[in-house]
Structure formats: C-alpha cells, structure tokens
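The chain contents come next:
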Amino acid sequence: MNEAYVKHSTQNEIATIEFFHPAHNSLPGDLLAKLANTITEVGNDDMVKVIILKSGGDRTFCAGASFNELISINDAETGKVFFSGFANVINAMRKCPKFIIGRIQGKTVGGGVGVASATDYCMATKFAAIKLSELNVGIGPFVVGPAVERKLGTSGFSQIAIDANSFYDAEWAKQKGLYNQVYDSTEEMDEAVQKFAENLCKYNPEAMKEMKKVFWTGTEDWDELLAERAVISGRLVLSDFTKETLKRFK
C-alpha cells in the first residue's frame, strides 16, 4: 500500500471516502484537489444519505500538508495555491448537503486537524492525539483556524495553536468538542461508525440537509475568508525566518 490515492464507494446509501499517502497521510496539492472534488461529487449523489470520511493505514489519520511541497515554495502565488488546498477541502465539506462522519484512527496534525474539525460528527480512537504544529515552522494555522475554532472554541484553538510542540490527547479533544466519541480500539470505532451511519440513513434526508445548513450558519464567507488566510500563509512561508527553519527539515 505505497501508492497515494483518494477513493470512494457507496453501499446501502452510505458513501465512504478514503484518502491515503505513504508519508503519514500527508496531503500534497493534487491529492487535496481530488479529495475536495470527491466530497463535492459524492455529496451531490442522490443515492447517498450519509458520508464517512477516513484515511488508510492505522497509525496516522493525517499529518497535514506535504512537507516536500512546502519546502519548494518560492513565490507568493505558489504559496497561496498550496495553502488553498486545505481551504478547498474544508469548504467542500462545509457545503456538502450530507452529514460527514469523521473516522479518526490515529494522530492528526496541522491541516488534518482542520479536516477533522470540518466533519459534522467525529469519532476517534484513544490514539488520535492532535497537534497544530504550524508555528513551529514560522507560519500559523491560518487556513484551518476557522474550522478548528468553530469546534474547540477560541480558548482551545488558541491553546493548541500557541503550544505548537505538544500533542493533545483524544480525551482532551473530546472534552473540547472536536471528537464526539472516543474508543479503545479501531475495531470498536469502526463498529460504532457503521452503526451510527446506518441509523442516520433512517432519517429524512431533507431534514438532515436543512439541519446541516443550520449547523454551519455564520460560515457563509469562508470561501473568501480561507482564501485570505491562504495569502497570509503564502507570504509567511517566504519569510527569511521560515526559510531558515525549513532548511533544518531538508
């Protein structure tokens, strides 16, 4: 399982979207674009009532953006495009008319925390610690910030954004509202995710669609807001400070 992919399948009105990258499920630009497009496509499928979002492998849900791409950015426009990748995924999830259940099997970092935050209901294992590491490399969690703050509140978001060296465990993330349920094993979680999705399929899809609109009230400006945030990150990644910091990771 060394080839990166985004794939989806539908069974009994439940669609499962899965992404994978051999580098700890970090997501380069092409994979982010494919993920955003897949979420939009599946969300518009009348045969689908609910979506499960997951990643391949068993250790890391998502390590964030591709570090190799980050290091190679040399101009502001490339930077904006790079950081817009996660913005497009979050906005696709926000606009999707179906509930998206997050299945978080392991650690999630940076942009991955943003993806988890953009799900409508999130289940995790006790191994699913979170970290916003962006400040470590001289930038900040600007693009994913609105999604993370929406779930954790300003206090929780500020805490993990400033404390960029620390992982916060799954129970902390549950207490703050990111995870709705935490399980001892992946098997337990998968069983619970499946049962939960099957139960949602019994509900009126129009009611769920209208509820989703209500839940995301106040985010109507996110197309513009996240694009503006991508510009900030794209500018900061070109700074001398960040360039020097990134050299250590080469």
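Above this text sits the structure in question.
Definitions and limits used
- Residues numbered from 1 in each chain as written.
- Predicted model: local features only at pLDDT ≥ 70, side-chain atom pairs only at ≥ 80, totals over all residues.
- Heavy atoms only, no water.
- Pairing = 2+ DSSP bridges.
- Helix = DSSP H or I, 4+ residues; strand = E, 2+ residues; numbered from the N terminus.
- Salt bridge = Lys/Arg side-chain N within 4 Å of Asp/Glu carboxyl O.
- Buried < 20%, exposed > 50% of the residue type's maximum accessible area, 1.4 Å probe, protein only.
- Expected span 1.5 Å × (residues − 1).
- Arc of directions from axis to C-beta.
- Contact = heavy atoms within 4.5 Å.

1. Considerations on the sheet that holds strand E4 (residues 60-62)
Then step 1. Within the open sheet, the three strands sit side by side as E4-E6-E8. Their pairing is parallel. Here the strands that pair on one side only, and so sit at the sheet edges, are E4 and strand E8 (130-131).
Then step 2. In this structure, E4 lies alongside strand E6 (residues 107-109), joined through two bridges in parallel fashion. Opposite Thr60, over in E6, you have Lys107 as the bridge partner.

2. Side note on the pattern of salt bridges
Then step 1. Under the counting rule described, the total for this entry stands at eight salt bridges.
Then step 2. As a salt-bridge pair, Glu18 and Lys54 come within 3.7 Å of each other at their nearest N and O atoms. Taken together, the positions of Glu18 in strand E2 (residues 14-20) and Lys54 in strand E3 (residues 50-55) put the pair 36 residues apart, joining distant regions of the chain. In this structure, Glu18 and Lys54 share a single accessibility class: buried.
Then step 3. Of the charged contacts in the structure, one is a salt bridge between Asp223 and Arg94, with a shortest N-O distance of 3.3 Å. A residue pair is termed long-range when its members are at least 10 positions apart, and Asp223 in helix H9 (residues 222-236) and Arg94 in helix H3 (residues 76-95) qualify at 129 residues.
Then step 4. On the accessibility criterion, Arg94 (10% relative accessible area) is buried.
Then step 5. Taken together, the salt bridges that share partners define one network made up of Arg94, Lys95 and Asp223.

3. Let's talk about helix H7 (residues 186-200)
Then step 1. Under the 1.5 Å per step criterion, the end-to-end length of H7 is 21 Å for 15 residues, consistent within 8% with the ideal 21 Å.
Then step 2. Three or more residues of H7 are buried, namely Thr186, Met189, Ala192, Val193, Ala197 and Leu200. All buried residues of H7 lie within an arc of 130° about the axis, which places them on one face of the element. The outward face of H7, more than 90 degrees from its buried face, is lined by the exposed residues Glu187 and Lys195.
Then step 3. Residues of H7 that are buried in the fold lie against E2, E3, strand E5 (99-104), strand E7 (121-125), strand E9 (181-183) and helix H8 (205-215).

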